[in-house]
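# Residue-level structure breakdown
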Amino acid sequence: MSASDAERKLRELSFLHEVAQLASSARDWDEMLRIVIGRTTDAMGAEVSSLYLLERSDGLLRLVATNGLNRGGIGRATLRVGEGIVGWVANARVPLAARDVRSEPRWKWVPEVDEKRFTSMLSVPVLARDEVIGVMNVQTVEQRDFGREEIDFLQTIANQVAGIIEKGRLQRESDRKLREVSALFEVSNVLTSTLDLDEVLSLVVDRLVRVYAGASGAILLLEEGDAVRERARSGELGKTAGAAAQRALAERRPIVAFDHIAVPLIANDRLLGAVVLQVPDYKEFLEEEVRFVGALANQAALAIDKASLYALERKTTESLRELERARSDFVAVVTHDLRTPLSVIRGHLEMLAERNGKTKLPISEATSQVERLDQLVDRILAGVRSDRPELSLRRTRFDLRATVSAALKEVAPMARRHKLSGPRAGQPVFVRGDRRRTAEVVAGLVHNATKYAPQGTRIAVKIERADDRAIVRVQDQGRGVPPNERSRIFEPYARGAGNDEVPGSGIGLFASRRVVEGQGGDIWVEDAPEGGAVFAFTLPLARATASAGLR
């Protein structure tokens, strides 16, 4: 090796060492690339050094740094992969040396960048992880034959540049991901600590634009009548970004362009609005960046859904209070109005009883029924006056068989158009509960059967005794209750489908359920063996009751 060759080698090694040191210490990677490109010109003994980087989204090689060409072309001059010497090298992934570019068929003139005074050119691919990320060039004024050592030297520089670019990319990704995680963490914390929707939406937009330098963003919400209103914004948005937000709303999907993203806000399959982000001079959004914007959009959607649910809850609570006040007022008025005619009727009946003496007219029974109505009015008024009306029961040990028989005797006039039959005579069935309320349940179930069973059909009331409880069954020969209605038939104001012609408020079975369950029993409906419905309820047996089964 000659002295000149040794000196050249020493300069090359010194230059590579300098580049390695710059790569390990520099923080501004763009400035670092400009320095390396400038030093490469001297190290290669050329007049021009330039770097094109590949934009994968559209397959363009864009000029990002140069020393010797028109700097006005930086960021603007592009070549497609396969186009010109630069594009050919990117496609072939091998170096190419041209003694005179004017006689090279693969050469392409780039207006406002290339200069005709440059003759020879050497281009090498810039590879990172075995993928082409760009092309590095040197050019000379005088014609020159680039030897193998020069080609290898420029390729080594290009490899180091690839490392610089890769390190810079990893650093930027790391910084961006840290900002993304921080943004999601802050928004999550606020979301769990406040119901102020505007505060959460402003934070979402603020943390979104902080991730990208110079970015702007906004959140738009749908209102009544499909109107769209901006609820939070940071910076100024261009028309294209605004149009993307409208598309995201219309198509219910993310809209991703070269410098903006718009993502719909959806909660429980309900479209709430859209979030839009615009980053000036951005070339391409990565998949993970789109996912990050989507994650923040989900947080915003949760905040909106949470706020709307809270508002609905408050509105519903207030409506329920109004309904409760209206119910109390209505019942109070009705019961007050009932009291007067009941008092008059009772007075006339008492006068008739006094005048007739031992008359055969059943005035005593009529008076008894009026007294029951009077007690009912007292119970209703007591419930209305209470903030939390509860069921009042007087539990005693009583004979269920006798109570049912007496209840059927009282309701017999009401069921005179049906064939009403009671339980067979037999030993007493002692249960523990409220005797009067139990009689009301039996009367109510019989009354219910008379409304739904055709005239002339049988209504049978039976009593059974199980291990620890007695069972009362009221069986009719009506249309029955469909299985899909049985789970709700005992709810307040629930009525079966197709029963609009039958008078009733849908409260009777609910009232019966309250009385039965208040005594520790159960109530249900089942199919009758001969067709129709069987309404059954249970009551706990008193301890002294025998264990034999009865019908």
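Refer to the structure printed above.
About the criteria used
- Residues numbered from 1 in each chain as written.
- Predicted model: local features only at pLDDT ≥ 70, side-chain atom pairs only at ≥ 80, totals over all residues.
- Heavy atoms only, no water.
- Helix = DSSP H or I, 4+ residues; strand = E, 2+ residues; numbered from the N terminus.
- Buried < 20%, exposed > 50% of the residue type's maximum accessible area, 1.4 Å probe, protein only.
- Contact = heavy atoms within 4.5 Å.
- Areas by Shrake-Rupley, 256 points an atom, 1.4 Å probe, with all protein chains shown as cover.
- Expected span 1.5 Å × (residues − 1).
- Arc of directions from axis to C-beta.
- Pairing = 2+ DSSP bridges.
- Axes fitted to C-alpha atoms, helices over the stretch in contact; angles between N-to-C directions.
- Phe/Tyr/Trp six-rings, centres within 6.5 Å; stacked < 30°, edge-to-face > 60°.
- Lys NZ or Arg CZ within 6 Å of the ring centre and 35° of its normal.
- Salt bridge = Lys/Arg side-chain N within 4 Å of Asp/Glu carboxyl O.
- Core = buried A, V, L, I, M, F, W, Y, C linked by side-chain atoms within 4.5 Å.

### Let's talk about the overall build of the protein
Helix and strand counts for the protein stand at eleven helices and 18 strands. Looking at the 551 residues of the protein, the share that counts as buried comes to 42%. Summarising the internal contacts of the protein: among those between residues at least 6 apart in sequence, 62% fall at separations of at least 24. Roughly 30200 Å² of accessible area belongs to the protein as shown, and the carbon and sulfur atoms make up 52% of that amount.

### Some words on helix α9 (residues 400–411)
A rise of 1.5 Å per residue sets the reference length of α9, with its twelve residues, at 16 Å; its end C-alpha atoms lie 17 Å apart and thus fit the reference within 8%. Within α9 the residues assigned to the buried category are Leu400, Arg401, Thr403, Val404, Ala407, Leu408 and Val411. Burial along α9 is one-sided: seen end-on, the buried residues are contained in an arc of 165°.

### Examining the sheet that holds strand β17 (residues 523–527)
Strand order in the open sheet formed by five strands is β13-β15-β16-β18-β17, and the pairing between neighbours is mixed. Two strands lie at the open edges of the sheet, namely β13 (419–421) and β17, each paired on one side alone. Each neighbouring strand pair of the sheet contributes to a mean axis angle of 20°, computed without reference to strand direction. Inspection of the sheet shows strand β16 (residues 469–475) paired to strand β18 (residues 533–540) by seven bridges, in the antiparallel sense. Its bridge partner lying in β18, Val472 is registered against Phe537. Sheet strands in contact with helix α10 (residues 435–452) are β13, β15 (458–465), β16 and β18, and its direction is about 175° off that of β18.

### Describing the packing of aromatic side chains
Enumeration according to the criterion identifies one aromatic pair in this entry. The interplanar angle of 80° and the centroid separation of 6.2 Å between the aromatic rings of Phe490 and Phe535 together place this pair among those described as edge-to-face. Of this pair, Phe490 sits in the loop between β16 and α11 (508–518) while Phe535 sits in strand β18, placing them 45 residues apart in sequence. Across the ring face of Trp88, the terminal group of Arg106 is positioned such that the distance to the ring centre comes to 4.7 Å.

### Regarding the sheet that holds strand β11 (residues 270–278)
Strand order in the open sheet made by the five strands is β8-β7-β11-β10-β9, with antiparallel pairing throughout. Taken across any chain shown, the strands that pair with only one partner, and hence form the sheet edges, are β8 (228–234) and β9 (255–256). In terms of strand pairing, strand β10 (residues 260–267) meets β11 through eight bridges, oriented antiparallel. Residue pairing across strands places Ala267 opposite Arg270, the latter belonging to β11.

### Focus on unusual backbone geometry
Here Arg93, not a glycine, exhibits a phi torsion of approximately 65°, which is positive. Tracing the backbone through its elements, the reader meets Arg93 in the loop between α3 (84–92) and β4 (96–98). Of the residues examined, Arg93 reaches a relative accessible area of 35% and is grouped as partly exposed. Unusually for a residue other than glycine, Asp130 sits at a positive phi of about 65°. Position of Asp130 relative to the elements: it lies in the loop between β5 (120–128) and β6 (131–140). Its relative accessible area of 57% is what places Asp130 among the exposed residues.

### Some remarks on the side chain of Ser512
Topologically, Ser512 is positioned in helix α11. In this structure Ser512 touches Val441, Leu445 and Ile523, once residues within four positions along its chain are discounted.

### Details of the pattern of salt bridges
Side chains that carry opposite charge are capable of pairing whenever their charged atoms lie near each other. Here the structure, examined in full by the defined rule, presents 21 salt bridges. Residues Arg106 and Glu104 are paired through a salt bridge, measuring 2.7 Å at the closest nitrogen-oxygen approach. Taking the relative accessible area as the measure of exposure, Glu104 reaches 15% and is therefore buried. The partner of Glu526 in a salt bridge is Arg473, with the nearest N and O atoms 3.3 Å apart.

### Side note on the environment of Val429
Along the polypeptide, Val429 turns up in the loop between β13 and β14 (430–433). The exposure class assigned to Val429 is buried, which follows from its relative accessible area of 0%.

### Points about the nonpolar core
In this structure, Leu400, Val431, Val446, Phe535 and Phe537 are the most contacted members of the largest nonpolar core, which totals 35 residues. Every element with two or more residues in this core is listed here: α9, α10, β15, β16, α11, β17 and β18. At seven residues, α10 tops the list of elements feeding residues into this core. The contact partners of Phe535, leaving out residues within four places of it in the chain, are Leu445, Asn448, Val472, Arg473, Val474, Val481, Phe490, Leu509, Trp524 and Val525. By size, the runner-up hydrophobic cluster in this structure holds 28 residues, among which are Val205, Leu208, Val263 and Val275.

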